[in-house]
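# Descriptive analysis of the structure
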Amino acid sequence: SVKSAVARSSSAHVARRGYSSESVPERKVAVLGAAGGIGQPLALLMKLNPLVSRLSLYDIAGTPGVAADVSHINTRSEVAGYMGDDQLGKALEGSDVVIIPAGVPRKPGMTRDDLFNINAGIVKSLCAAIAKYCPNAIVNMISNPVNSTVPIAAEVFKKAGIYDEKRLFGVTTLDVVRAKTFYAGKANLNVAEVNVPVVGGHAGITILPLFSQATPKANFSDEDIKALTKRTQEGGTEVVEAKAGKGSATLSMAYAGAIFADACLKGLNGVPDVVECSYVQSSVTDLPFFASKVRLGKNGVEEILGLGPLSDFEKESLETLKPELLSSIEKGIKFANQS
Ligand code: NAI
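Residues numbered from 1 in each chain as written. Predicted model: local features only at pLDDT ≥ 70, side-chain atom pairs only at ≥ 80, totals over all residues.

Residues in contact with the ligand amount to 33 residues; listed here are only the nearest, G33, G36, G37, I38 and N144. Contributions of two or more residues to the shell around the ligand are made by β2 (54-59) and α5 (116-133). At 3 residues, α5 tops the list of elements feeding residues into the shell around the ligand. Among the residues making up the shell around the ligand, the classes are represented as 19 nonpolar, 12 polar and 2 charged. (Near = placed C-beta within 6 Å. Helix = DSSP H or I, 4+ residues; strand = E, 2+ residues; numbered from the N terminus. Nonpolar A, V, L, I, M, F, W, Y, C, P; charged D, E, K, R; others polar.)

Take a look at the structure:
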């Protein structure tokens, strides 16, 4: 009968839902700056991620269009677009992971620190809203200068009384992505098998790829290693110059951001042994924030891994980067605490 067919199909539906929510928990991911160069492809990649059940796209303009577009893709998550300050609370409410690519990108001749004056204020206000509307969310900071914006976020969260250092991450995944690509290319290795830890920070000489720990091993001269290090440090500038005024890395950054957010979601969901490099509050060195390998878990950072054995070149580079990284950290802290 029609009645029993309906009953059968609805119980099958319930059973399916019960099964899927047990194996893959509901997770809301918010992207702040979702209509931008990074935000749009990142929204696309997060829509393709089966670990996401709700995708919240926020920007000061343009998000209704991006959300309508992405929402037609036939994957798990429900997509909603939010625009302007009034809708920021709704965009954030209930978020498990908040990814922040909001702010201006570099133009040729600019350093990441040149973005400080504009982006610091944007990050500060977005983090105040996170503290208010989703204080337990994991934050993935993409907005530059990451070396300063992460300390700004920490200070804003401390002031709001909700700071948990385990939940705040500077996204340095693009440095790892670049190091892997350049290393594999030069060594003629299958890039899918290559691993390279990248530590320090996310700007110029503060980016320190540890090629001495790269796997599989390649036989490179000191000059080769220096050149690969420099290319990794200046990978962002390579893109800025090629785009000639039209911004910085967006597509490779969206890929890297999606990889890192996926790792955070896996950690939240209890998947064991999820390790990525990230810029976090750290005691690995004498600096208060530092990027290194981090094990991700149900509460965010589960363990910060040590640097491991360094080559003489890496030891020297580490000492050279510290003053610059420290001054970027202090600049962020000072900004967050004024007015
Ligand atoms: P974009 O200018 O194309 O997009 C930025 C978006 O942020 C725009 O849609 C803008 O409307 C939005 N926005 C501005 N103020 C906002 C606010 N208060 N709330 C929400 N959204 C706001 O810039 P793009 O290329 O997407 O870069 C974004 C940021 O990511 C830049 O700071 C850039 O330096 C950084 N970046 C970081 C990388 C990393 O490895 N961590 C790599 C590449 C870029």
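Turning to helix α11 (residues 312-337), a few remarks are in order. When the terminal C-alpha atoms of α11 are compared, their 38 Å separation across 26 residues agrees well with the 38 Å that a helix rising 1.5 Å per residue should span. In the structure, α11 departs most strongly from a straight axis at K322, where the bend amounts to approximately 35 degrees and where the proline P323 lies between one and four residues downstream. Among all positions of α11, only E314, S317, L321, L325, S328, I329, G332, F335 and A336 are buried. Of the surrounding elements, those touching the buried residues of α11 are α5, α6 (146-159), β7 (198-200), β8 (207-209) and β10 (289-297). (Expected span 1.5 Å × (residues − 1). Bend = angle between axes of the 7 residues up to and from the residue. Buried ≥ 20, exposed ≤ 12 C-beta atoms within 10 Å, placed from the backbone. Contact = placed C-beta atoms within 7 Å.)

Okay, unusual backbone geometry next. Between N144 and P145 the backbone carries a cis peptide bond, its omega angle lying at -5 degrees. One can find P145 in the loop between β5 (138-141) and α6. Residue T215 is joined to P216 through a cis peptide bond whose omega torsion reads -15 degrees. With respect to the element layout, P216 can be found in the loop between β8 and α8 (222-233).

Residue-level pLDDT values for the protein chain average 94, and 93% of them are 70 or greater. For the stretch residues 1-21, pLDDT sits under 50, and the model shows 1 contact to residues farther than four places along the chain or on other chains. (pLDDT = per-residue confidence, 0-100.)

Moving on, we get to the nonpolar core. Counting residues in hydrophobic clusters, the biggest one holds 98 residues, and the most contacted among them are V31, L57, V98, I100, V139 and A153. Of the residues forming this core, the biggest block, 10 residues, is contributed by helix α10 (residues 251-268). Among residues more than four places away in sequence, those in contact with I100 are L32, G33, V123, L126, V139, N140, M141, I142 and S143. (Core = buried A, V, L, I, M, F, W, Y, C linked by C-beta atoms within 7 Å.)

Another point: the packing of helix α2 (residues 39-47) against α10. Two elements in contact, α2 and α10, have axes separated by 8 Å at closest approach and are oriented at 40 degrees. Judged by the sense of rotation from one axis to the other, the crossing of α2 with α10 is right-handed. Across from P41, L42, L45 and M46 in α2, the residues of α10 making contact are L251, A254, Y255, G257, A258 and A261. A breakdown of the residues in the contact of α2 with α10 according to their chemical character gives 9 nonpolar, 1 polar and no charged. (Axes fitted to C-alpha atoms, helices over the stretch in contact; angles between N-to-C directions. Left-handed = near helix turned anticlockwise from the far one by under 90°.)

Attention now goes to the environment of N119. Here N119 is to be found in helix α5. For N119, a count of 23 C-beta atoms within 10 Å translates into the label buried. In the structure, N119 is positioned 104 residues away from E223 in sequence and 36 Å away in space, judged by C-alpha atoms. Once you skip the residues sitting within four places of it in the chain, N119 turns out to touch G103, V104, S143, N144 and T149.

Position of V146 relative to the elements: it lies in helix α6. Ignoring anything within four residues of it in the chain, the contact list for V146 reads M141, G170, V171, T172, H202 and Y279.

Another aspect to go through is α5. Turn by turn, an α-helix covers 3.6 residues, leaving residues three or four places apart pointing in a common direction. For α5, which comprises 18 residues, the first-to-last C-alpha distance of 25 Å matches the rise-based estimate of 26 Å (1.5 Å per residue) to within 8%. Every buried residue of α5 is listed here: F116, N119, A120, I122, V123, L126, C127, I130 and A131. Packed against the buried residues of α5 are β1 (28-32), α4 (88-92), β4 (97-100), β5, α6 and α11.

The next thing to look at is the pairing of β10. When you tally the buried positions in β10, you get 8 out of 9 residues, the bulk of the element. Where strand β9 (residues 274-281) and β10 come together, 8 bridges link them in antiparallel fashion. Looking at β10, one finds that C277 is bridged to K293. Bridge count for β10 against strand β11 (residues 300-304) is 4 bridges, and the pairing is antiparallel. Each residue of the ladder has a partner; that of G297, found in β11, is G300. Adjacent in sequence and paired antiparallel, β10 and β11 are bridged by 2 residues. (Pairing = 2+ DSSP bridges.)

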